[in-house]
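Structural overview
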Amino acid sequence: MSSVRIHYLNHASLLVEVGAVRILFDPWLEGTAFSGGWGLRYDNPEAFDIGATATHLWISHWHSDHLHAPSLVKLAERNPNMTVLANVSANFSMVDRMASFGFRDVRPLGEREPFDLDGDTTCSRYPTAGIDNMLHIRSGSWSMLNYNDCNLPVKAIHALRRHIGPLDILFTNYNHAGKLFDVVSDDERKSQLAEVLHLTVEALEPTRVVPFASNHYYRTSESADQNNSMLGFDDLDAIAKLDERYVTPRIGDQVVFETPTQAVVHPREPAIPHRALETHDYGAGVPWDELVEEVSARTEALRTQFLRLGRLAVPDLVIRVTDQERNLRLSMSQPAREADAGDVPH
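In this text the structure is predicted, and so the values were computed from the model without any measurement. (Residues numbered from 1 in each chain as written. Predicted model: local features only at pLDDT ≥ 70, side-chain atom pairs only at ≥ 80, totals over all residues. Heavy atoms only, no water.)

**Considerations on the state of the cysteines**
What counts here: Here, the term disulfide refers to a pair of cysteine sulfur atoms separated by no more than 2.5 Å. Only protein chains enter the area calculation, which uses a 1.4 Å probe; residues under 20% of their type maximum are buried, those over 50% are exposed, and those in between are partly exposed.
A complete count under the given rule lists 0 disulfides for this structure. Here Cys150 is not disulfide-linked; the sulfur of Cys123 is the nearest cysteine sulfur, at 14 Å. Judged by relative accessible area, Cys150 falls into the buried class, the value being 2%.

**Describing the pattern of salt bridges**
Formally: Salt bridges are identified by distance alone: a Lys or Arg side-chain nitrogen within 4 Å of an Asp or Glu carboxyl oxygen. For the purposes of this entry, the term helix denotes a DSSP run of H or I that reaches at least four residues, the term strand denotes a run of E that reaches at least two, and both are numbered from the N terminus.
In the structure shown here, the tally under the stated rule is 19 salt bridges. Residues Arg275 and Asp43 are paired through a salt bridge, measuring 3.3 Å at the closest nitrogen-oxygen approach. Highlighted residues: Arg275 in the loop between β18 (262–266) and α7 (288–305) and Asp43 in the loop between β5 (38–40) and α1 (47–51), separated in sequence by 232 residues. Residue Arg275 is classed as partly exposed on the basis of its relative accessible area of 23%. The partner of Glu202 in a salt bridge is Arg245, with the nearest N and O atoms 2.5 Å apart. Highlighted residues: Glu202 in helix α5 (residues 186–204) and Arg245 in the loop between α6 (233–242) and β17 (254–259), separated in sequence by 43 residues.

**Some points on the packing of aromatic side chains**
Quick reminder of the rule: The rule is short: rings of Phe, Tyr and Trp, with Trp giving its six-membered ring, pair when the centres are within 6.5 Å, and they are stacked under 30 degrees, edge-to-face over 60, tilted in between. Two limits define a charge over a ring: the Lys NZ or Arg CZ must be within 6 Å of the ring centre, and within 35 degrees of the ring normal.
Scanning the entire structure with this criterion turns up 6 aromatic pairs. For the pair Phe171 and Phe212, a centre-to-centre distance of 6.4 Å together with 85° between the ring planes defines the contact as edge-to-face. Of this pair, Phe171 sits in strand β14 (residues 169–173) while Phe212 is found in strand β15 (residues 208–213), placing the two residues 41 residues apart along the sequence. Like Phe212, Phe171 is buried. The structure contains a cluster of three or more aromatic residues connected by ring pairs, namely Phe34, Trp38 and Tyr218. In this arrangement the basic side chain of Arg326 is found over the ring face of Trp288, its NZ or CZ atom lying 4.1 Å from the centre.

**Comments concerning the pairing of strand β20 (residues 326–330)**
The condition that has to hold: A pair of strands is labelled paired if DSSP reports no fewer than 2 bridges between them.
The buried count for β20 comes to 4 of 5 residues, which makes it a mostly enclosed element. The loop that links strand β19 (residues 317–321) with its antiparallel partner β20 comprises 4 residues; one of these, Glu325, has a positive phi angle of about 55°. Sheet topology places β20 next to strand β21 (residues 337–338); 2 bridges connect them, and they run antiparallel. When the sheet's bridge partners are listed, Leu328 is paired in β21 with Glu338. If you look at the hairpin formed by β20 and β21, you'll find 6 residues sitting between the two strands.

**A few points about the sheet that holds β21**
The line we're drawing: Contacts are residue-level and defined by heavy atoms, with any inter-residue pair within 4.5 Å sufficient. A fitted line through C-alpha atoms serves as each axis, taken over the contacting stretch for helices, and the angle formed by two N-to-C directions is quoted from 0 to 180°.
One open sheet accounts for 3 strands, arranged β19-β20-β21; its pairing is antiparallel. Each edge of the open sheet is held by one strand with a lone partner, namely β19 and β21. Sheet strands in contact with α7 are β19, β20 and β21, and its direction is about 15° off that of β20.

**Thoughts on the packing of helix α4 (residues 154–164) against α5**
Note the threshold: Whether a crossing is left-handed or right-handed is set by the direction in which the near helix is turned from the far one by less than a right angle, anticlockwise for left-handed and clockwise for right-handed. When residues are grouped by polarity, Ala, Val, Leu, Ile, Met, Phe, Trp, Tyr, Cys and Pro land in nonpolar, Asp, Glu, Lys and Arg in charged, and all others, Gly among them, in polar.
Where α4 meets α5, the closest approach of the two axes is 8 Å, and the angle between their N-to-C directions is 35°. The handedness of the crossing between α4 and α5 is right-handed. Between α4 and α5, the contacting residues are Val154, Ile157, His158, Leu160 and Arg161 on the first element and Thr200, Ala203 and Leu204 on the second. Partitioned by chemical class, the residues of the contact of α4 with α5 number 5 nonpolar, 2 polar and 1 charged.

**Digging into the sheet that holds strand β4 (residues 32–33)**
Strand pairing within a sheet occurs via backbone hydrogen bonds; the two strands may be parallel or antiparallel. Strand order in the open sheet formed by 3 strands is β4-β5-β16, and the pairing between neighbours is antiparallel. Every other strand in the sheet has two partners, leaving β4 and β16 (216–218) as the edge strands with one partner each. Direction of pairing for β5 relative to β16: antiparallel, over a ladder of 3 bridges. Looking at β16, one finds that Trp38 is bridged to Tyr218.

**What about α4?**
Inclusion rule: The arc in question is the one spanned by the directions pointing from the helix axis to the C-beta atoms.
Here α4 has its buried residues at Ile157, Leu160, Arg161 and Ile164. Buried residues in α4, looked at end-on, bunch into an arc of 100°, giving them a common side. Set apart from the buried face of α4 by more than 90 degrees, the exposed residues are Lys155, Arg162 and His163. Looking at the buried positions of α4, the neighbouring elements they touch are β11 (121–127), β12 (133–139), β13 (142–148) and α5. Looking one or two residues beyond α4, the residue adopting positive phi is Gly165, at roughly 85°.

**Notes on α6**
Each full turn of the α-helix corresponds to 3.6 residues, which orients residues three or four apart in the same direction. Here α6 has its buried residues at Phe233, Leu236 and Ala240. Down the axis of α6, the smallest arc covering the buried residues is 55°, so these residues share one side. Across from the buried face of α6, at angles greater than 90 degrees, the exposed residues are Asp234, Lys241 and Leu242. Summarising the contacts, the buried residues of α6 are in contact with β1 (4–10), α5 and β15.

**A short note on a negative patch on the surface**
This is how it is decided: Every patch collects residues that have over 30% relative accessible area and no salt bridge, joining them within 9 Å if they carry like charges and within 5 Å if they are nonpolar side chains (Val, Leu, Ile, Met, Phe, Trp, Tyr). Surface accessibility follows the Shrake-Rupley procedure with a 1.4 Å probe radius. Residue values consider only the protein chains on display as shielding. Positive charge is attributed to Lys and Arg, negative charge to Asp and Glu, and no charge count is given to His or to the chain ends. In plain terms, the charge of a residue is placed at NZ if it is Lys, CZ if Arg, CG if Asp and CD if Glu.
Together, Asp289, Glu290, Glu293 and Glu294 make up a negatively charged patch on the protein surface. As for its placement among the helices and strands, Asp289 is situated in helix α7. Overall, Asp289 belongs to the exposed group, its relative accessible area being 63%.

This is a description of form; function is not addressed.
So this is what it looks like as structure tokens:
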């Protein structure tokens, strides 16, 4: 049995090394994502050097903390010949987008279709009902699943487990991602996240678990209060003390699996410190009339894209435009407009 070596580069980015295959996942390695709304909690100075050694690259989905254009351009400059596995489904293709970064060997990766990485290693992509995807890797007797940001009900996870068979290593997310509208305490939120992680692990029944996604923080004033409700490495260590299946590397660490039950974490020396959190500056405000015009054009594009079904399925949304001190009503059936005085923002 070949050993498996895991390089934890940052956020949701791993480089998994098995035999001659070095497959890189979702490299957001510097800068910000979501128009400056998200930042990285750690700066890994070796991330690009290690990432550029990949033989293969896979992006799980379109979100910019996974398909991070600036990081991908830099990686293509260093190693344009790595094989890119570009997700292709009935309604989208990543092929042209990945080629635009400068990669020369971009291969379509269909849904649930085995793809040969080399003579000993194959992978298969499994989509969820949303935009997320997971990747199952078989190499010799190894079975590994990058579950990433997928979030499936337990019944569906059981069906997946029956299909792919026993798992040696599970790579999975453990934090929230986005604006949370239900108000609970930080401790309660962390308990919810730990419970979701537990249910996922219990349903998939892996021999070992590597929690790795995510290590971002929110940079906007509207979302920054959520940063204290995210699980951190100390929380993962506490979980690992209760369940020996968990292996919890830090950013920059490596994990070597000689067998599924034999895992050794090689900590980076020195450890990468937690970076100071910043608040995003969006710059000058947009004039009201220009804002309304642009938003109206966007909602019209969405309405056209979804064949006019939006007006039946999507209720109006009232948002507060803080720098204008005005409320804006968004509708799928008519242009954006200022909300009525009595409308409460959502």
